[in-house]
Amino acid sequence: MELCSTSSTLPNFNLSRPPQRSPISYTNPFLHFTNTPFNALSLSSSSRQIHLICPAFPRNSSRTAPSPTSSPVADGTELEKLPADLTVTETQEPNSRLLLSVQVPQAVCEECYQVVVDEFKRQTKVPGFRPGKLPEHVLLNYIGKQNVQNAVIESILKRTLPHALSAVTSRALQDSVRIRSKFSDLVEMYSSSNNLRYDIIVDVAPEIKWNPENGYKNLKIVVELDDEIDALKASQEELKRRHKSLGILRIVTDRGLQIGDVAVVDISAKTIDQDESNVQNIPSAESKDFNFDTEDGDKVLPGFLDSLIGIRGGETRSFPLVFPESWRQEHLRGVHAKFTVECKELFYRDLPELDDSLADKLLPGCTTLEQVKETLLEKCLEVEKTAKEQATDNAILHQLCKMVEVDIPQSIFEEQGRQLYGSQLLELQTKVKLNDEQLAALSSPKAVSEYLRVQKENITAVLKQNLAVGDIFKRENLEFPTDELVKEVENSIAEFKRHKQEYDEDRVKEQVQEVLEGAKVLEWLRERAEIQYITN
């Protein structure tokens, strides 16, 4: 039943274990996209998809662009020499995307043609001809001119792509390189002129602009804290909760509901409208056999508790209420509703006297009530500190997001969005048992695309924050202890092994490093920021 108005951002005062800082997460790391490698290209075609092996440029752990003294095809391998130079025209497009128009000289096309024909001659066995001695016109008739042309085009692309991309290798983002030209158009162009021109699109590392420049060095942050994270108040509430758990619920027979009682109620709600045909049920505000603790009256819809004071077991009451404008569910804000509540059972708590004799029951190991209070307060102070730090970090990241201007590449937007969606889907699976049909529907391209569309603003904000943090780490030459990286990587790998999950050790190391960099930047910013805390 959605009658409660509690915030989902409140800390969890679970005192069964010591509070901890947020663990390293691999679903939303502080990503850095400079010098990310790409390994393959996809050629768009209405009839087929061709995958071409392309340069693998190792990621530079320092996030600085390497000096391209040579153009590697792979580690330790130079580019294959061409008989003539390509003409590559670079055009900037939106979303940090480059369009490379590549003109292949006729000399390159002719050499690729000869290489393909010679290879076919070596591999093709035709009765009456020795391997490698097959006349060209016989080969073309035997294999088919069209098939030879297709192979020549693939050879041209495979040989020229590394050269065409050599100027952007230090900026190209992983899996973002695509050949925009259709294969059918390339076939038509080559068959008519024996020349070839094609277009490549590639996402590059976005340029970050600060407004104002270096504004992150003197941040002025206002952090809003909910009064629920106040340690003293939280410890008192926790003591009260534990005391209540030791009591016995007894049936009320001679009076109506009063503060401190627990009522078992059925609740229904409808909108109020002069036109009866417009009246609708409010399913999220309805419940059966709801255990309503009157001491939690401040957490439900305003006026709900007051309307039930005095109700007796077996009695039904109807009363109007208005959902406040601050209500969590936006579609209910300002809605006038009529509630009908049936009180099925009514109980009062028979509580033992709160003294030293209850100490061990309230908190095992304690011998006095004062010791219980001190221990609870100490633990709540730890939780308060963690919650305050988290709220501060969130406020800093929000401020950074407003200070940076960046043209986010589409490939990075989609990658980050899929990570966030996958994380939410995994979280949902832990809470709700999904059948195969439901899981397939939620995992479909249509569902992912809809998520990307609806959550565009949030995904963009996360990316801007991540890029800003990465830029600060590089600008300020920040570092963290190597042994801390080693320890966290070992812990992460141990978790993978414990859950019998596959992992890539290099990728784990990279992600852990990114998270540690993010933590270092936030620590650096907190030390230099002017921070004001406001309690709601």
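Definitions and cut-offs
- Residues numbered from 1 in each chain as written.
- Predicted model: local features only at pLDDT ≥ 70, side-chain atom pairs only at ≥ 80, totals over all residues.
- Heavy atoms only, no water.
- UniProt positions renumbered as here; feature names shortened; annotations may be inferred.
- Helix = DSSP H or I, 4+ residues; strand = E, 2+ residues; numbered from the N terminus.
- Buried < 20%, exposed > 50% of the residue type's maximum accessible area, 1.4 Å probe, protein only.
- Contact = heavy atoms within 4.5 Å.
- Areas by Shrake-Rupley, 256 points an atom, 1.4 Å probe, with all protein chains shown as cover.
- Expected span 1.5 Å × (residues − 1).
- Axes fitted to C-alpha atoms, helices over the stretch in contact; angles between N-to-C directions.
- Parallel < 35°, antiparallel > 145°, perpendicular 65-115°, else oblique.
- Left-handed = near helix turned anticlockwise from the far one by under 90°.
- Nonpolar A, V, L, I, M, F, W, Y, C, P; charged D, E, K, R; others polar.

As annotated in an unreviewed UniProt entry, the protein carries the name peptidylprolyl isomerase and is attributed to Pelargonium nanum. Regarding the protein, the UniProt comment filed under Function (unreviewed entry) reads as follows: "Involved in protein export. Acts as a chaperone by maintaining the newly synthesized protein in an open conformation. Functions as a peptidyl-prolyl cis-trans isomerase." We quote the UniProt Catalytic activity (unreviewed entry) comment for the protein here in full: "[protein]-peptidylproline (omega=180) = [protein]-peptidylproline (omega=0)".

Colleague: Any details on the overall build of the protein? Residues and values, ideally.
Modeller: What the protein contains, in helices and strands, is 14 helices and 17 strands. Classification of the 536 residues of the protein by burial places 39% in the buried group. Across the protein, the fraction of contacts at a sequence separation of at least 24, relative to all contacts at a separation of at least 6, is 72%. Working note: accessible area of the protein is about 30,600 Å², and carbon and sulfur atoms make up 48% of it.

Colleague: Let's hear about helix α9 (residues 410-431): which residues, and what values?
Modeller: Spanning 22 residues, α9 covers 32 Å between terminal C-alpha atoms, matching the ideal 32 Å at 1.5 Å per step. Residues of α9 that are buried: Ser-411, Ile-412, Phe-413, Gln-416, Gly-417, Gln-419, Leu-420, Tyr-421 and Leu-425. Where α9 is buried, its residues contact β8 (196-203), α10 (436-442), α11 (445-454) and α12 (456-475).

Colleague: Please give an account of the packing of helix α5 (residues 231-245) against helix α8 (residues 369-403) that cites residues and values.
Modeller: For the pair α5 and α8, the least separation of the axes is 8 Å and the interaxial angle reads 130°. Considering their axes alone, α5 and α8 lie oblique with respect to each other. Considering the relative orientation of α5 and α8, their crossing is right-handed. On the side of α5, the interface is formed by Ala-231, Leu-232, Ala-234, Ser-235, Glu-238, Leu-239 and Arg-242, while α8 contributes Leu-369, Val-372, Lys-373, Leu-376, Leu-377, Cys-380, Leu-381 and Glu-384. Grouping the constituent residues of the contact of α5 with α8 by class yields 10 nonpolar, one polar and four charged.

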